[in-house]
Amino acid sequence: MTTPPPTSPASVVTDLYRATKTLHTEAERSGIIRDMLRGEASRDGYILLQRNLLPAYQALEAGLASHRDTPLLGALAAYRLDRAAALEADLDALCGGDVSQVPVLPEGNAYAQRIAEAATGDGERLIAHAYTRYLGDLSGGQILKKLLAKKPGLAPNELTFYDFPAYADLAALKSDYRNALDDAGKRAAQPQAIVDEGSVAFQLNTDISWAVQAAMEGVKVG
């Protein structure tokens, strides 16, 4: 759900896009994500997906914060996109204040654990996870917001995850953040490790999508 970046020399964003293009397509055709893009997602399925993405965002934002004073990741951490807080608020609204009834699946835990591991050391692999999550939210996420408002008919206070109230121009934010990712990539000691991590990130997203779909039988949330 990210858009192809313009080509430029030594661009980690371009390298990530090219390396994960096939996996990106597979993710869009998987499980609950496919249903969302077709406008066929159920409320319960969406809740379960978001509950299982929350630990990943918490791990990503904690990881970036832990490197906020470093030359490598300081600029990315400074954006403070804070999707975890918005996601928690949405889940609270979606579940009537009782999120505890919604399970975190093994695939959700695995994704969060991988991001936590990527935050160790100099944290350069976090660049791949920031690319996968945040550029996706700023691109395809805006399309998903409109689809989810139509079906299953989610209310604005259940979709604040897709809002970036601190930024008036999302197109400018996406461009600026993409440039910040590239700047961080140029500082990285092992840029190929970032590209490889991007492939892992997309596979973990696909795993969650299929797991949510498989778990939906008999699951009632919200």
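Here the structure is a predicted model, which is why all the values come from computation and not from measurement.

1. Brief notes about helix α1 (residues 12-28)
Logical step 1: The sharpest bend along α1 comes to roughly 60°, located at Lys-21.
Logical step 2: Every buried residue belonging to α1 is among Val-12, Val-13, Thr-14, Leu-16, Tyr-17, Thr-20, Leu-23, His-24 and Ala-27, and all of these are buried.
Logical step 3: Buried residues along α1 sit in contact with α2 (31-37), α7 (126-138), α9 (170-187) and α10 (191-215).

2. Brief notes about the pattern of salt bridges
Logical step 1: Under the definition given, this model contains five salt bridges.
Logical step 2: Note that Glu-158 and Arg-43 form a salt bridge whose closest N and O atoms lie 2.9 Å from each other. Taken together, the residues Glu-158 in the loop between α8 (140-150) and α9 and Arg-43 in helix α3 (residues 43-66) connect sequence positions 115 residues apart.
Logical step 3: Classification of Glu-158 by relative accessible area gives buried; the value is 8%.
Logical step 4: By relative accessible area, Arg-43 is classed as partly exposed at 29%.
Logical step 5: Ionic pairing is found between Asp-82 and Arg-80, a salt bridge with its closest N-O pair at 3.2 Å.
Logical step 6: What makes Asp-82 partly exposed here is its relative accessible area of 28%.

3. Here's the deal with the environment of Ala-214
Logical step 1: Inspection of the secondary structure puts Ala-214 in helix α10.
Logical step 2: Given the relative accessible area of 62%, Ala-214 is considered exposed.
Logical step 3: Along the primary structure Ala-214 and Gly-31 are separated by 183 residues, whereas in three dimensions their C-alpha atoms are 8.0 Å apart.

4. Some points on the side chain of Asn-52
Logical step 1: Residue placement: Asn-52 occurs in helix α3.
Logical step 2: In this structure the side chain of Asn-52 is engaged in a polar contact, spanning 2.9 Å, whose partner is the backbone oxygen of Leu-48.
Logical step 3: At 2.6 Å, the side chain of Asn-52 and the backbone nitrogen of Leu-105 are in polar contact.
Logical step 4: The contacts of Asn-52, once residues within four sequence positions are left out, are Pro-103, Val-104, Leu-105, Gly-108 and Ile-208.

5. With respect to the confidence of the model for the protein chain
Logical step 1: In this model, the protein chain carries an average pLDDT of 92, and 93% of its residues clear a pLDDT of 70 or more.
Logical step 2: Predicted confidence in the protein chain is weakest over α8, with a mean pLDDT of 92, and strongest over helix α6 (residues 106-118), with 98.
Logical step 3: The low-confidence segment residues 5-9, where pLDDT is below 50, has eleven contacts with residues more than four positions distant or belonging to other chains.

6. Description of unusual backbone geometry
Logical step 1: Looking along the chain, the bond that leaves Lys-151 and enters Pro-152 is cis, with omega of 15°.
Logical step 2: Along the chain, Pro-152 falls in the loop between α8 and α9.
Logical step 3: Backbone geometry places Arg-80, a non-glycine residue, at a positive phi of 45°.
Logical step 4: By the element assignment, Arg-80 lies in the loop between α4 (74-77) and α5 (83-94).
Logical step 5: A residue is classified by how much of its surface remains accessible, and Arg-80, at 58% relative accessible area, is exposed.
Logical step 6: Despite not being glycine, Asp-82 has its phi angle at roughly 50°, a positive value.
Logical step 7: Within the secondary structure layout, Asp-82 lies in the loop between α4 and α5.

7. A look at the nonpolar core
As a rule of thumb, nonpolar side chains are buried together in soluble globular proteins.
Logical step 1: Residues Met-36, Leu-76, Ile-127, Leu-148, Tyr-177 and Leu-181 are the most contacted members of the largest nonpolar core, which totals 67 residues.
Logical step 2: Examining the composition of this core, we find that eleven residues originate from one element, α3, more than from any other.

8. Examining α6
Logical step 1: The terminal C-alpha atoms of α6 lie 18 Å apart, and with 13 residues this matches the ideal 18 Å at 1.5 Å per residue to within 8%.
Logical step 2: Here α6 has its buried residues at Gly-108, Tyr-111, Ala-112, Ile-115 and Ala-118. For α6, the buried positions fall inside an angular range of 120° around the axis, keeping them on one side.
Logical step 3: Packed against the buried residues of α6 are α3, α7 and α10.

9. Some points on the environment of Leu-37
Logical step 1: Tracing the backbone through its elements, the reader meets Leu-37 in helix α2.
Logical step 2: Assessed through its relative accessible area of 31%, Leu-37 is described here as partly exposed.
Logical step 3: Sequence-wise, Leu-37 and Leu-147 are 110 residues apart; in three dimensions their C-alpha atoms are separated by 7.3 Å.

Basis of the calculations
- Residues numbered from 1 in each chain as written.
- Predicted model: local features only at pLDDT ≥ 70, side-chain atom pairs only at ≥ 80, totals over all residues.
- Heavy atoms only, no water.
- Bend = angle between axes of the 7 residues up to and from the residue.
- Helix = DSSP H or I, 4+ residues; strand = E, 2+ residues; numbered from the N terminus.
- Buried < 20%, exposed > 50% of the residue type's maximum accessible area, 1.4 Å probe, protein only.
- Contact = heavy atoms within 4.5 Å.
- Salt bridge = Lys/Arg side-chain N within 4 Å of Asp/Glu carboxyl O.
- Polar contact = N/O pair within 3.5 Å; in protein donor to acceptor, adjacent residues only side chain to side chain.
- pLDDT = per-residue confidence, 0-100.
- Core = buried A, V, L, I, M, F, W, Y, C linked by side-chain atoms within 4.5 Å.
- Expected span 1.5 Å × (residues − 1).
- Arc of directions from axis to C-beta.

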